[in-house]
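Remarks on the overall topology
Here is how the chains run, residue by residue.
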Amino acid sequence: MRDTLISRAALRTRDVLGSFPGTAWLIGGEEAAASHTLRQGLLASLMIMVGSWGVGWLAMTPSSVLAVHPLLLPLRTTTAGVITCAVLLSLGAMLLVRSWLRLSQRVGGWHEGATSTIRRAVLMWGAPLLFTVPIFSRDVYSYLAQGRVLHAGLNPYESGVSELPGWFMEGADGLWAESPSPYGPLFLLVAQLIWFLSGGVPEVSVMLFRLLSVAGVAMMLLVVPRLARAFGSQPAWALWLCVLNPLSLLVFLPAAHNDALMIGLLLLGMWCALRRRRLGAVLLITAAVAVKPIAITVLPFAVLLTLKNPTRIVGDYRARLREWAFAGLLSAGLLVGAGMLLGVGLGWITAALGAGSAIAPVAPVGLLGTGLGLVAAVAWGADPQQTASWIYTGARVVSAAVLAWILLRRRLGNPVLWAGVGLIVVVLSSTVVQPWYLLWILPLFAVVHVHRGRALVLVSLLITVLVLISLVGQLSVAQWIDTTVVQTVAAGVATVYLVYLLVFDPNTTELFDMRRPSQIWNAAVGWTGLGQLTRSPAPVPAELRLEGSERSSRPDLPAPADAPDRPEGAR
């Protein structure tokens, strides 16, 4: 803990508030008592919920229940109401970040009992977020609009949402006005069903999409601990990093992103593959691809889990080709059949390759293509867009070559870990990188190793900054209210809180200590340097490979003496 005037004042304030009955339930308690942190996270979620009512995204259709609700009008139409809600949203988001960080210290160690605490935190903190007005992103309205396009008999891979009247009032972002849908046929079918069931009422539609996200989160809560036990990581730590982090909670629940469903299906498919249930694994991962096509990157890695000793694959290309042929033919048949049944053919494949084309290319590859395009235009009079297109295509070819090299390495290592590396390669080759792309990658590393030191600090800081930037940049403010002023106030409040967490908070500053070297832990090898990430063994217990065996009946694997029983930074 850094001993500063502010940190000493914070400790004294905590002691004073902890002694009063009215505030002790939230502030006081033993240092290792997780209950107080759970309640602080609940308070943060409630603040976010109320704040979203004033600055969240609302559809303005005549069928909307909340657009002109008398209780929300003062919060959305007055400067005082909007600024108050923006401050509540910012403070709530940063308090949620702090609660997440503090829970890692207060659970008392990443033992089996901590797993139930993390699950309880997901339920407590997530419940209020189900009743927010959409924040962080308004893609959920684009989902609904694309379902409406399909319901009208049009092809969402050829027709943008602007083909039908009233699309803008339904809340869809103008980026999707004439852009093809980047989602798979299964998700579009679900979106069409939600449009039909909701009768076009946006609030009902949003809640139905959130139920899909809840299903995805439920799959993660079920499977992440099992995968972590199997590969030698710590279940509670993996859940804390992958599911409880504020970025996940805000993307999966208030924003109702379909990423939750895709990730849940992917992880469940991996678990089936690990249990050598090949058909179920391929079906589940294909379903994930039919939600978001990016999941196809994971398929060739995941099916290798069905092999004997999957984390120690050396050579044996015949077995690899057999699994890839089985998975590839089955998955391709299902996806082509789904496209034909929907009447959209194979258009979703080309749409997926061009996903994000409507968004400004601000990722490294996108900026490189734009920059070289301008240089070529000035130097040789070349078409800048054509030059940029060549750069983008070249990046995709390079990423495909890297993926092929990884898959064909003689000593592959853990397929789950390398699936995470493959996803990183694909994301880095994209012209657009969104904050929630990080959520695709985290589980694939967390279920194999526990991390500490600079690597964990950087991930925690990245999650915190992404939450801050995304919330402040996605405020819905009435046109007669100065959006810049509202965003400046919200950003200022969040930045001050962030500086407090990083520099002055007597409990969280040590979690951002960059002096500790990056390390990983696995039950098979204990703590090792980060350089061992892809080489350290992660044995799969034999009973996990036996059909019909029940993991729940087996005692937990004993952890070695240097297991991370005490969370990093806890005192």
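Residues numbered from 1 in each chain as written. Predicted model: local features only at pLDDT ≥ 70, side-chain atom pairs only at ≥ 80, totals over all residues. Heavy atoms only, no water.

Right, let's talk about the packing of helix 6 (residues 112–129) against helix 10 (residues 235–242) for a bit. Two numbers describe how helix 6 lies on helix 10: the axes approach to 7 Å, and their chain directions differ by 25°. The pairing of helix 6 with helix 10 is recorded here as roughly parallel in orientation. Judged by the sense of rotation from one axis to the other, the crossing of helix 6 with helix 10 is left-handed. Where helix 6 abuts helix 10, its residues Glu112, Ala114, Thr115, Ile118 and Arg119 lie against Pro235, Ala236, Leu239 and Trp240. (Axes fitted to C-alpha atoms, helices over the stretch in contact; angles between N-to-C directions. Helix = DSSP H or I, 4+ residues; strand = E, 2+ residues; numbered from the N terminus. Parallel < 35°, antiparallel > 145°, perpendicular 65-115°, else oblique. Left-handed = near helix turned anticlockwise from the far one by under 90°. Contact = heavy atoms within 4.5 Å.)

The next point concerns the sheet that holds strand 1 (residues 450–452). Strand pairing within a sheet occurs via backbone hydrogen bonds; the two strands may be parallel or antiparallel. Across the sheet, three strands lie side by side as 1-2-3; this open sheet has antiparallel pairing. Two strands lie at the open edges of the sheet, namely strand 1 and strand 3 (526–529), each paired on one side alone. The average undirected angle you get between the axes of adjacent strands in this sheet is 30°. Sheet topology note: the strand 1/strand 2 (residues 519–522) ladder contains three bridges and is antiparallel. Residue pairing for strand 2: histidine 451 is matched across the bridge by isoleucine 520. (Pairing = 2+ DSSP bridges.)

Taking 1.5 Å of rise per residue, the 30 residues of helix 9 (residues 202–231) would be expected to cover 44 Å, and the 42 Å separating its terminal C-alpha atoms lies within 8% of that figure. When the local axis directions of helix 9 are compared, the greatest deviation, roughly 25°, occurs at valine 223, which is followed within four positions by the proline proline 225. Positioned one or two residues after helix 9, glycine 232 has a phi angle of 95°, which is positive. (Expected span 1.5 Å × (residues − 1). Bend = angle between axes of the 7 residues up to and from the residue.)

Right, let's get into the packing of aromatic side chains. Applying the stated criterion across every chain yields a total of 10 aromatic pairs. For the ring pair tyrosine 183 and phenylalanine 187, a centre distance of 5.5 Å and an interplane angle of 65° mean the geometry is edge-to-face. On the basis of relative accessibility, which here comes to 4%, the residue tyrosine 183 falls in the buried class. Overall, the relative accessible area of 2% leaves phenylalanine 187 in the buried class. An aromatic cluster is present here, built from Tyr143, Tyr183, Phe187 and Phe209 joined pairwise through their rings. (Phe/Tyr/Trp six-rings, centres within 6.5 Å; stacked < 30°, edge-to-face > 60°. Buried < 20%, exposed > 50% of the residue type's maximum accessible area, 1.4 Å probe, protein only.)

A few words on a nonpolar patch on the surface. There is a patch of nonpolar side chains on the surface, built from Phe131, Met207, Leu211 and Val214 and spanning about 350 Å² of accessible area. Of note, phenylalanine 131 is situated in the loop between helix 6 and helix 7 (139–151). (Patch = residues over 30% accessible without salt bridge, like charges linked within 9 Å, V, L, I, M, F, W, Y side chains within 5 Å. Areas by Shrake-Rupley, 256 points an atom, 1.4 Å probe, with all protein chains shown as cover. Salt bridge = Lys/Arg side-chain N within 4 Å of Asp/Glu carboxyl O.)

Across four bridges, the pairing between strand 2 and strand 3 is antiparallel. Residue pairing in the sheet places tryptophan 521 in a bridge with tryptophan 527 of strand 3. Turn length for the strand 2-strand 3 hairpin, with the two strands adjacent in sequence and antiparallel, is three residues.

Right, let's talk about helix 5 (residues 79–106) for a bit. Helix length check: helix 5 (28 residues) gives 39 Å between terminal C-alpha atoms against 40 Å at 1.5 Å per residue, within 8%. Of all the 28 residues making up helix 5, 21 are buried; the element is thus mostly covered by neighbouring parts of the structure.

Turning next to the packing of helix 5 against helix 6. In contact at an axis separation of 12 Å, helix 5 and helix 6 are set at 170° when each is read in the N-to-C sense. Judged on the interaxial angle alone, helix 6 and helix 5 are roughly antiparallel. Where helix 5 approaches helix 6, its residues Leu96, Ser99, Trp100 and Leu103 are matched on the opposing element by Thr117, Ile118, Ala121 and Trp125. The residue makeup of the contact of helix 5 with helix 6, split by class, is six nonpolar, two polar and no charged. (Nonpolar A, V, L, I, M, F, W, Y, C, P; charged D, E, K, R; others polar.)

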